[in-house]
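Residue-level structural notes
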Amino acid sequence: MTQKKKKWGDRRDAVWLKDLPSMNRIMPCIMPNRADNEAFLSVDIDYRPLEAYLQKKNEGLTEDKYTFFHVIAAAIGKAFVLRPKMNRFVCNYRVYQRNEISIAFTVKKKFSDKAEESLAFFTYDEKETMDSFHEKIMKVIHITKSDVEKDTSTGAMDMLVKLPQWMINLLTKIVLWLDKHGWAPQDVIGSDPNHSSIFLSNLGSIGLEVGYHHLVNWGTNSCFIVLGKKHLKKFYNADGTEDLHEVVPLGITLDERIADGYYYSGTIALVKKLLENPELLDAPADTPVEYSIKR
């Protein structure tokens, strides 16, 4: 993304928006905590176009195959490119526009109770395509699943917990204050999903239904998205006939202070358009897409 020259009040990772409407300026002052400003939305995505698209993309592949998680993540990333208000956050009573779009999720190194989790964190570029995004996401997954290298945030936490409890409490308070002002060390927050534009959780991969997930006051994340396991759902057509097909459910938690309901509705409409026509993701992310809000 093109970065503007840093001005007074800007952060390392974002620009302070000073010319917002009065309501948007006041809301962070009277409702300063992110966890108190959650808006939860749920949407079911028709799996049939995704299945056909994945079949085509995976022809001839024996490993590192495309999954519906990859496609959904790419669609949400593209929606953030085309709907820039989604890439905002509130911190220290101010509304900020991020300098770049970032996507994060946790990776289970093995599917077992004792296996560790690692953090995957990477940027989504304006010119990103499905293929370039898939290459990027697989590279990050391979690194996080290996025992060779730990992500920076996990490494920092591993060091922190070796200290006496009183020192952990003190350092945590200091880091929280630094983070509030945008000064937290990159070694601590560099791969922390709570500092990403989009925090994804693929509960479907471990057999769980979709559900609500809260936002947290630590960090800057304003959008948490849960993917549930795909399942059959009955729909009714305009002529009254029934249609039964698989859907992928999404549970989306947003900070209501960064945009209004109509803007969120438009973003959901765009994501659904992209996932009903996933070949649109093969074009660069900043390629415009026509969509409409169904009323």
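Residues numbered from 1 in each chain as written. Predicted model: local features only at pLDDT ≥ 70, side-chain atom pairs only at ≥ 80, totals over all residues. Heavy atoms only, no water.

**Description of unusual backbone geometry**
The test is simple: Strands are runs of DSSP state E lasting at least 2 residues, helices are runs of H or I lasting at least 4, and numbering of each runs from the N terminus.
Unlike most non-glycine residues, N92 shows phi in positive territory, near 55 degrees. Within the secondary structure, N92 sits in the loop between β3 (88-91) and β4 (94-98). Backbone geometry places Y93, a non-glycine residue, at a positive phi of 70 degrees. You can see Y93 is positioned in the loop between β3 and β4.

**Observations regarding the nonpolar core**
Where we set the bar: We define the nonpolar core as a collection of buried residues of types Ala, Val, Leu, Ile, Met, Phe, Trp, Tyr and Cys that are connected through side-chain atoms lying within 4.5 Å of one another. Exposed residues in this analysis have more than 50% of their type's maximum accessible area, buried residues have under 20%, and partly exposed residues fall in between, with area computed by a 1.4 Å probe over protein chains only.
Ranked by size, the top nonpolar core spans 57 residues in total, and within it L50, I72, F105, F133 and L200 carry the most contacts. Element by element, the count of residues in this core is highest for helix α3 (residues 68-82), at eleven residues. One finds A14, W16, F89 and Y96 within the second-largest nonpolar core, a separate group that totals five residues.

**Some thoughts on α3**
Stated precisely, the cut-off is as follows: Here, expected helix span is obtained from the residue count minus one, scaled by 1.5 Å.
The end-to-end C-alpha distance of α3 is 21 Å, a good match for the 21 Å that 15 residues give at a rise of 1.5 Å each. Along α3, 14 of the 15 residues are buried, which leaves the element largely enclosed by surrounding structure.

**Notes on the sheet that holds strand β1 (residues 14-16)**
Applicable threshold: Strands pair, by our definition, only if DSSP identifies at least two bridges between them. The axes are straight lines fitted to the C-alpha atoms, using for helices just the contacting stretch, and the angles between their N-to-C directions are given from 0 to 180°.
Reading across from one edge, β1-β4-β3 is the order of the three strands in this open sheet, with antiparallel pairing throughout. Looking at strand neighbours, the two that pair on one side only are β1 and β3, the edges of this open sheet. The average angle at which neighbouring strand axes cross in this sheet is 35 degrees, direction not considered. Across four bridges, the pairing between β3 and β4 is antiparallel. Following the sheet pairing, C91 is matched in β4 by R94.

**Some thoughts on helix α2 (residues 47-57)**
Test applied: Working note: the arc is built from the helix axis to C-beta atom directions.
Among the residues of α2, those classed as buried are Y47, L50, Y53, L54 and K57. Relative to the axis of α2, the buried residues are bounded by an arc of 125 degrees and lie together on one face. Residues of α2 that are exposed and point more than 90 degrees away from the buried face comprise Q55 and K56.

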